[in-house]
Amino acid sequence: MTVTVPRLSLRTKVALSFALLAAAVTVLVGYLGYEAAARLVRVDQQNIFSNVVQDVRTQVSQQSLSARDYGSDADHDGPRDELSRRFRADVQVLGPGGRTADRGQPPLPVSTADRATARQAAAGHTTQSETDIQDERYRIATVSFGQGRGAVQVAQQLSDTEDLLSSLLQRTILLMTVVVLGAGAVGWWLARRITGHLVRLTAVAEDVARTRRLDVAVPVGTQDEVGRLGRAFDDMLGRLARAEDDQKRLIQDAGHELRTPLTSLRTNVSLLRRLDELRPRARAELVDDMVSETRELTDLVNELVELAAGQRDAEEPVDVILGDVVAEAAARTRRRTGRTIVIRADDTVVRCRPAALQRAVSNLLENAAKFAPAGHDPIEAEVNGGEVQVKDRGPGIPASDLARVFDRFYRAPEVRSLPGSGLGLAIVREVAQSHRGTAFARNRDGGGAVVGFTVGSEARSD
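Here the residue index of a chain counts from 1 through its sequence in written order. Owing to the predicted nature of the model, reporting of local features is limited to residues with pLDDT of at least 70; listing and counting of side-chain atom pairs is limited to 80 or more, with chain, interface and lining totals taken over all residues. The basis for the side-chain values is all heavy atoms of the structure; hydrogens and waters are excluded.

Chemist: Help me understand the pairing of strand β5 (residues 151-157) in this model?
Modeler: As a general feature of sheets, a regular strand has side chains that alternate between the two faces. In terms of burial, β5 is largely enclosed, as six of its seven residues are buried. One bridge is not enough; two strands pair if DSSP finds at least two bridges between them. Where helices and strands are cited, they refer to DSSP runs of H or I of at least four residues and of E of at least two residues respectively, numbered from the N terminus. Two strands pair when backbone bridges link them, and strand β4 (residues 136-144) and β5 are joined in this way by seven bridges, in the antiparallel orientation. Looking at β5, one finds that Y138 is bridged to Q157. Categorising residues by exposure relies on relative accessible area from a 1.4 Å probe, with only protein chains included: less than 20% of the type maximum marks a residue as buried, more than 50% marks it as exposed, and the intermediate range marks it as partly exposed.

Laid out in C-alpha cells, this is it:
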C-alpha cells in the first residue's frame, strides 16, 4: 500500500521555517538566560553562607566563646541573634561532647562529624554538609568553640532558592511558549504577504496552461523580486501573444500568396494532358510559365521560411565592419543581376549577425535592381555610422505606399505584374528590428527611392 504524503505549500514552509527559527533562537536564549541567572543566584547564596561561616570562625578564634554565649537571650543582642538578623539563618548550639544545648528552629541533625567538631581543641574547626529537614534542603556548617567546649551550627535553607529558580524556570518556559506561538503567527502573516503574489502568479500560469489564452491580466503590483517576476511574466505573455498573432497573420498571408502560383501551376499541369495537341510555340510558353511559377513558388517558400525563423536564427553576433557586409552583398548582387553598384562606406564597426545583415542588404539591392531600369544611373549603397542606404533612379514610391512597403506581402498595384512575393522588404524590417534598429523608405530628389535600415545601440565607430 502506497502512502501519499501531502505536499506542503510554499506559504506553509515559510511559516514553519520562521516559527522553527524563532523557536530555536528563543529556546537557546531562554536556556542560556536561565542558566546564567540560576548560577548567579546559587553563587550569591554560597558566597553569603561562606562569608557568614568565615565571620563565625573569626569570632570564635579571637574570643573565648562557649555554648552559653550563643544561647538565646531575652535581650536578643547576643551572637546568635546577630546571625539570625543578618543572615536569617537557623542557628543551633552544641555543648561539650556534641550534646544539643540549644535547638534550632527547626532542630538540626547532629552527625558524628559534628560531634567530633564540638570536641575539637582548636577553635574555628569547621565541617559542612547538606541534608533534608522536614522535606526542605539545608546547607549546614558546624564551627567548633575550641577546648572541647562545643560548637555552633549555622544552617542555610536551599529550598527557598530552588523554589525561586523553579518559578523563574516556569516563567521562562511560559515566555518562550508565547514567543514561539507569536513567531508562528507572525511567520504565517509574513508568509501570506510574501507568497500572496506568487500564489496569484501561479493561478495565472495555471489558467494560461489550461485555457491557452495569453490575454490574461498578470498581477504586478509590488516593486520587489516578486513584482519583477510578475512584470517579466506579463512581458513574456505579451510577446507570446504578439508572436501568436504574427504566426496567424503569416499563415493567412502565406496561404493567400501561395494560392495564386499554385492555381496557375494546377492549370498548367492540366494543360500537360493535352500537350500533344498544342503547337510547339504554345508548348514552349507552357514550359516557360511552369518554370517561372516554380521559381517564384520556391523563392516565396524560402522567404517564408526565413521570415518565420525571424530572431530564432542560431547565428551568434560578432563584431564586423558594416561596410564589409555591404560590399559582400553588393558583389553577390552584381553577379546575379549584372548591375553596377557603387559603394560608399565608412569604418563603422557593429555587433551583428553578419548573414542576416547580408540578406537584408541583398534584398535592398535586388529590389533596387528590379525597379531601376538597366542602363540608367548605377545603384548606390552608402554606410554612414550605423545606417545603410540603397539609392536608385527608378520610378520612386507613391506617397500612399511609403508607410506600407515594409508590410508582409504588400505590393503596390503598379508593380503586381512584376515578379516578387512582397516579403523582401518585410525581411529587411525584421532584420533591422532584431538589431535594435529601424527600416525606412523615402523618395529621392531627382527621381528614384532611398530605402535602408539602421543598426541600433550596439553600433560603434572606430
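What follows continues from the structure just given.
Chemist: Would you explain the pattern of salt bridges in this entry?
Modeler: Where charged atoms of side chains with opposite charge meet at close range, the side chains can pair. The term salt bridge refers to a pairing of a side-chain nitrogen on Lys or Arg with a carboxyl oxygen on Asp or Glu at a separation within 4 Å. One pass over the full model with this rule turns up eight salt bridges. Put simply, R137 and E130 hold a salt bridge, and the shortest N to O gap is 3.7 Å. Classification of R137 as partly exposed rests on a relative accessible area of 33%. On the accessibility criterion, E130 (43% relative accessible area) is partly exposed. As a salt-bridge pair, R344 and E382 come within 2.8 Å of each other at their nearest N and O atoms. With R344 in strand β7 (residues 341-345) and E382 in strand β9 (residues 379-384), this pair connects stretches of sequence that are 38 residues apart. Within the structure, one salt-bridge network assembled from shared partners comprises R344, E380, E382, K391 and R444.

Chemist: Even after reading the chapter, I still don't get the confidence of the model for the chain, so can you show me in this structure?
Modeler: Interpreting fine coordinate detail is not advised for predicted regions of low pLDDT. Scored between 0 and 100, pLDDT is the confidence that the predictor attaches to each residue. With 78% of its residues at a pLDDT of at least 70, the chain reaches an overall mean of 77. Ignoring residues within four places in sequence, the model shows residues 413-420, a span with pLDDT below 50, making 11 contacts including any to other chains. Note on definitions: a residue-residue contact is assigned when non-hydrogen atoms from the two residues lie within 4.5 Å. Confidence over residues 458-462 falls short of pLDDT 50; this stretch has 13 contacts with residues more than four positions distant or in other chains.

Chemist: Even after reading the chapter, I still don't get the sheet that holds β4, so can you show me in this structure?
Modeler: Hydrogen bonding along the main chain pairs the strands of a sheet, whether they run parallel or antiparallel. Overall, antiparallel pairing links the five strands, which are arranged β2-β1-β5-β4-β3 in an open sheet. The outermost strands of the open sheet, each flanked by one partner alone, are β2 (100-102) and β3 (126-133). Going from strand to strand, the sheet's axes swing by 30° on average, the running direction of each strand aside. The pairing of β3 with β4 spans eight bridges and is antiparallel. Of the residues in β4, the one forming a bridge with Q128 is A141. Here an axis means a line fitted to C-alpha atoms, over the contact stretch when the element is a helix, while the angle between two N-to-C directions is reported on a 0 to 180 degree scale.

Chemist: What should I look at first to understand the packing of helix α8 (residues 354-371) against helix α9 (residues 424-434) in this one?
Modeler: Describing two packed helices takes the angle between their axes plus the distance from one axis to the other. Packing of α8 against α9 brings their axes to within 9 Å, and their N-to-C directions diverge by 145°. Between α8 and α9 lies a crossing whose hand is left-handed. Within the contact between the two elements, α8 uses A356, L357, R359, A360, N363, L364 and N367 and α9 uses G424, L425, I427, V428 and V431. Split into classes, the residues belonging to the contact of α8 with α9 amount to eight nonpolar, three polar and one charged. The handedness criterion is simple: a crossing whose near helix is rotated anticlockwise from the far helix by less than a right angle is left-handed, and one whose near helix is rotated clockwise is right-handed. Asp, Glu, Lys and Arg are counted as charged, while Ala, Val, Leu, Ile, Met, Phe, Trp, Tyr, Cys and Pro are counted as nonpolar; the rest, among them Gly, fall into the polar class.

Chemist: Whenever I open this one, the UniProt feature "transmembrane region" (unreviewed entry) in the chain confuses me. Can you help?
Modeler: UniProt marks residues 14-34 and 173-191 with the feature "transmembrane region" (unreviewed entry), using the numbering shown here. Taken end to end, residues 14-34 is 100% helix and 0% strand, and its two terminal C-alpha atoms sit 30 Å from one another. For residues 173-191, the end-to-end C-alpha separation is 26 Å, with 100% helix and 0% strand making up the annotated structure. UniProt positions are given in the numbering used here, feature names are shortened, and annotations may be inferred rather than shown by experiment.

Chemist: How do you make sense of helix α7 (residues 322-337) when you look at a structure like this?
Modeler: Helix span, expected: 1.5 Å multiplied by one less than the number of residues in the helix. Taking 1.5 Å per residue, 16 residues should reach 22 Å; α7 reaches 23 Å between its end C-alpha atoms and fits that length. Where α7 is concerned, the buried positions are L322, G323, V325, V326, A329, A330 and T333. With its buried residues spanning 150° around the axis, α7 presents them on a single face. In the core, the buried residues of α7 are packed alongside β6 (318-321), β7, β8 (348-352), α8, β9 and β10 (387-391). The first or second residue beyond α7 is G338, which carries a positive phi of 75°. Think of the arc as the fan of directions from the helix axis to the C-beta atoms.

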